[in-house]
Amino acid sequence: MLVFQIKQVQVLPMALSEAWTFFCDPRNLGTITPDWLCFDIRSEAPPYMYPGCIIEYRIRALAGLPMTWVTEITHVAAPHSFVDEQRFGPYRFWHHQHHFLEVSGGVEMRDIVHYILPFGINGRLSAPVVAKRLKAIFDYRRDTLAARFAAL
């Protein structure tokens, strides 16, 4: 079993309370997700995340196939962090930490994702393709956030 990791750090020119309000609202996730992923929240999404919150999405996975993805918010330490974990979806394991730290000039936002691909050795063969796709998703998110909050 091979555990992959993604780390991304970004500083946004905003107050910690503003960052928390934006990022803890699951309805904002679609605005920072690339259109080609065809991201759609299928369950009723609350205006804020809380431990035990279950959110069902529909996405287009590899090869453009539609797929259901169910996540649970497992930890919340407002306004500094929350964790979402996949309960059903494209990965064998998905654990995504979101950290927010007040710094000079705004808020440092840190994402740390650990994931395991499904299908054993066959899944590992797709690792470079999956890594490239995840990088594109997180790059889009970084660029969209920079553009959205630069005007503040």
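The model shown is predicted, which means the values in this text are computed figures rather than measured ones. (Residues numbered from 1 in each chain as written. Predicted model: local features only at pLDDT ≥ 70, side-chain atom pairs only at ≥ 80, totals over all residues. Heavy atoms only, no water.)

A. How the structure looks around the overall build of the chain. Scanning the chain from terminus to terminus reveals three helices and seven strands. In the chain, the order of α-helices and β-strands from amino to carboxyl end is β-α-β-β-β-β-β-β-α-α. Structurally, the chain occupies a C-alpha span of about 45 × 30 × 30 Å along its principal axes. Split into buried and exposed, the 152 residues of the chain put 45% on the buried side. Intrachain contacts of the chain at a sequence separation of at least 6 include 46% that bridge at least 24 residues. Looking at the chain as shown, the accessible area adds up to about 8300 Å², and 58% of this sits on carbon and sulfur atoms. Separation between the mean location of the 15 positive side-chain charges and that of the 14 negative ones in the chain comes to 9 Å. (Helix = DSSP H or I, 4+ residues; strand = E, 2+ residues; numbered from the N terminus. Buried < 20%, exposed > 50% of the residue type's maximum accessible area, 1.4 Å probe, protein only. Contact = heavy atoms within 4.5 Å. Areas by Shrake-Rupley, 256 points an atom, 1.4 Å probe, with all protein chains shown as cover. Lys, Arg positive; Asp, Glu negative; His and termini not counted. Charge placed at Lys NZ, Arg CZ, Asp CG, Glu CD.)

B. Looking closely at the pairing of strand 3 (residues 54–60). Only one face of strand 3 is covered, namely the face carrying Ile55, Tyr57 and Ile59; the face carrying Ile54, Glu56, Arg58 and Arg60 is uncovered. Bridge analysis of strand 2 (residues 40–41) against strand 3 gives two bridges, and the strand direction is antiparallel. If you follow isoleucine 41 over to strand 3, its bridge partner there is tyrosine 57. Taken together, the seven bridges between strand 3 and strand 4 (residues 66–77) define a ladder with antiparallel strand orientation. Paired with isoleucine 59 across the two strands is methionine 67, which belongs to strand 4. The antiparallel pairing of strand 3 with strand 4 creates a hairpin that spans five residues between the two strands, and alanine 63 there sits at a positive phi of about 65°. (Pairing = 2+ DSSP bridges.)

C. Quick look at the nonpolar core. Counting 34 residues, the largest nonpolar core has Phe23, Tyr91, Phe100, Tyr115, Leu134 and Leu145 as its most contacted members. Mapped by element, the contributors of at least two residues to this core are strand 1 (4–12), helix 1 (16–23), strand 3, strand 4, strand 6 (93–103), strand 7 (106–116) and helix 3 (127–150). The element contributing the most residues to this core is helix 3, with seven residues. In contact with leucine 145, not counting residues within four places along its chain, are Gln10, Leu12, Phe22, Phe23, Ile32, Met109 and Ala150. (Core = buried A, V, L, I, M, F, W, Y, C linked by side-chain atoms within 4.5 Å.)

D. Molecular detail of unusual backbone geometry. Note the cis peptide between alanine 78 and proline 79, where omega equals -5°. For proline 79, the location among the structural elements is in the loop between strand 4 and strand 5 (81–88). We note that cysteine 38 has phi near 50°; this positive angle belongs to a residue other than glycine. Taking relative accessible area as the criterion, cysteine 38 reaches 40% and is therefore assigned partly exposed.

E. Focus on the sheet that holds strand 4. Taken in spatial order, the seven strands of this open sheet run 1-7-6-5-4-3-2, and their pairing is antiparallel. Of all the strands in the sheet, just strand 1 and strand 2 have a single pairing partner and so form its edges. Two strands pair when backbone bridges link them, and strand 4 and strand 5 are joined in this way by seven bridges, in the antiparallel orientation. Along strand 5, the bridge assignment pairs valine 70 with phenylalanine 88. Sheet contacts for helix 1: strand 1, strand 4, strand 5, strand 6 and strand 7; angle to strand 6, the most-contacted strand, approximately 155°. Strands in contact with helix 3 are strand 1, strand 3, strand 6 and strand 7; relative to strand 1, the strand with the most contacts, it is inclined by about 10°. (Axes fitted to C-alpha atoms, helices over the stretch in contact; angles between N-to-C directions.)

Treat this as a map of the structure, not an account of what it does.
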